[in-house]
Amino acid sequence: MTKFRRTILTTTAALLLAALLTGCSPASGDVAGLIPGAAPAPASATPTPTAIPGDRDGNGTLSAFETEQLAKNALRDYTMPDGSVVTIDPTQPLPTEVVAVIKSGASPLMSALKTTEKDGVLLSLMNNADAVADATGKEVVFVYNTASATADWGYEMLWATTASHKDSTGIAAVASRDNVVADAQTWAGTRGYEVIVLE
């Protein structure tokens, strides 16, 4: 062993002994500074924060809006006419059996809308849409066929829409069922609504 290497080892040992005697022992991360060629200790990993359901912006807390949306999109139970219960996810399309119950419940209103004497029936249909949305957690657009007065005092059959918790969809009532359904699907798609065609 060369004199130079012995000098380095002696100096290093003296430094460590001095640190121990003075009560200032180096932390594991500081040993590299005392021993030439020693690798620094790896940095401790930063713990990953626990994700909070509904925290859309990832700031670790739920705002009033995030809390409202979390409740709105929560699973809910829907009781069928026979007493059975269907679990509904408001973020997904309504189950077919639930849609069938909704259509059946609106059937009497559909018959009334196709006649010329229908005072209050449209309001009842709007209330029905609101009730469906409240029960299922899913906002809906009803597409329905109705008799409408013409300029010459006659009547024509038009397809129209009404949406839950909305005064109007702004979709024009026309004779083409397909056109109204297509417009309703476009309107609903940007708002999280579901289209239900009432025949």
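Up top you'll find the structure we're talking about.
In this text the structure is predicted, and so the values were computed from the model without any measurement.

Student: Now, about the overall build of the protein chain: what can you tell me, with residues and values included?
Tutor: Across its full length, the protein chain holds six helices and five strands. For the protein chain, the sequential pattern of α-helices and β-strands runs α-α-α-β-β-α-α-β-β-α-β. Within the span of the protein chain, comprising 199 residues, buried residues form 28% of the whole. Carbon together with sulfur atoms contributes 58% to the accessible area of the protein chain, which is approximately 12700 Å² in total.

Student: Describe the sheet that holds strand 3 (residues 140-149), naming the residues involved and giving the relevant values.
Tutor: With mixed pairing, three strands are arranged side by side in an open sheet as 4-3-5. Looking at strand neighbours, the two that pair on one side only are strand 4 (155-163) and strand 5 (194-198), the edges of this open sheet. Shown here is a sheet whose adjacent strand axes are inclined to one another by a mean of 30 degrees, direction ignored. Of the strand pairs in this sheet, strand 3 and strand 4 are connected by nine bridges, and their pairing is antiparallel. Across the sheet, the residue bridging to asparagine 145 is tryptophan 159, located in strand 4. Those strands touched by helix 4 (residues 96-113) are strand 3 and strand 5, and its axis lies near 50 degrees from that of strand 5.

Student: Can you explain the packing of helix 4 against helix 5 (residues 121-136)? Please cite residues and give values.
Tutor: Between two packed helices, what matters for the description is the angle formed by their axes and the separation of those axes. Two elements in contact, helix 4 and helix 5, have axes whose closest approach is 10 Å; the angle formed by their N-to-C orientations is 170 degrees. In this view, helix 4 runs roughly antiparallel relative to helix 5, as classed from their interaxial angle. Only Val121, Leu122, Ser124, Leu125, Asn128, Val132 and Thr136 of helix 5 make contact with helix 4, whose side of the interface consists of Val98, Ile102, Gly105, Ala106, Leu109, Met110, Ala112 and Leu113. Its residues assigned to classes, the contact of helix 4 with helix 5 shows 11 nonpolar, four polar and no charged.

Student: Talk me through the side chain of serine 164; I want residue IDs and the actual numbers.
Tutor: Mapped onto the fold, serine 164 is located in the loop between strand 4 and helix 6 (177-189). By relative accessible area, serine 164 is classed as buried at 0%. With residues near it in sequence (within four places) discarded, serine 164 still touches Ala129, Asp130, Ala133, Glu139, Val140 and Tyr193.

Student: Describe helix 4, naming the residues involved and giving the relevant values.
Tutor: Between its first and last C-alpha, helix 4 extends 24 Å over 18 residues, near the 26 Å set by a 1.5 Å rise per residue. If you look at helix 4, its biggest bend is around 45 degrees, right at serine 107, and the proline proline 108 turns up within four residues after that. Within the span of helix 4, buried status applies to Val98, Val99, Ile102, Ala106, Leu109, Met110 and Leu113. Looking at the buried positions of helix 4, the neighbouring elements they touch are strand 1 (76-79), strand 2 (85-88), helix 5, strand 3 and strand 5.

Conventions we followed
Residues numbered from 1 in each chain as written. Predicted model: local features only at pLDDT ≥ 70, side-chain atom pairs only at ≥ 80, totals over all residues. Heavy atoms only, no water. Helix = DSSP H or I, 4+ residues; strand = E, 2+ residues; numbered from the N terminus. Buried < 20%, exposed > 50% of the residue type's maximum accessible area, 1.4 Å probe, protein only. Areas by Shrake-Rupley, 256 points an atom, 1.4 Å probe, with all protein chains shown as cover. Pairing = 2+ DSSP bridges. Axes fitted to C-alpha atoms, helices over the stretch in contact; angles between N-to-C directions. Contact = heavy atoms within 4.5 Å. Parallel < 35°, antiparallel > 145°, perpendicular 65-115°, else oblique. Nonpolar A, V, L, I, M, F, W, Y, C, P; charged D, E, K, R; others polar. Expected span 1.5 Å × (residues − 1). Bend = angle between axes of the 7 residues up to and from the residue.

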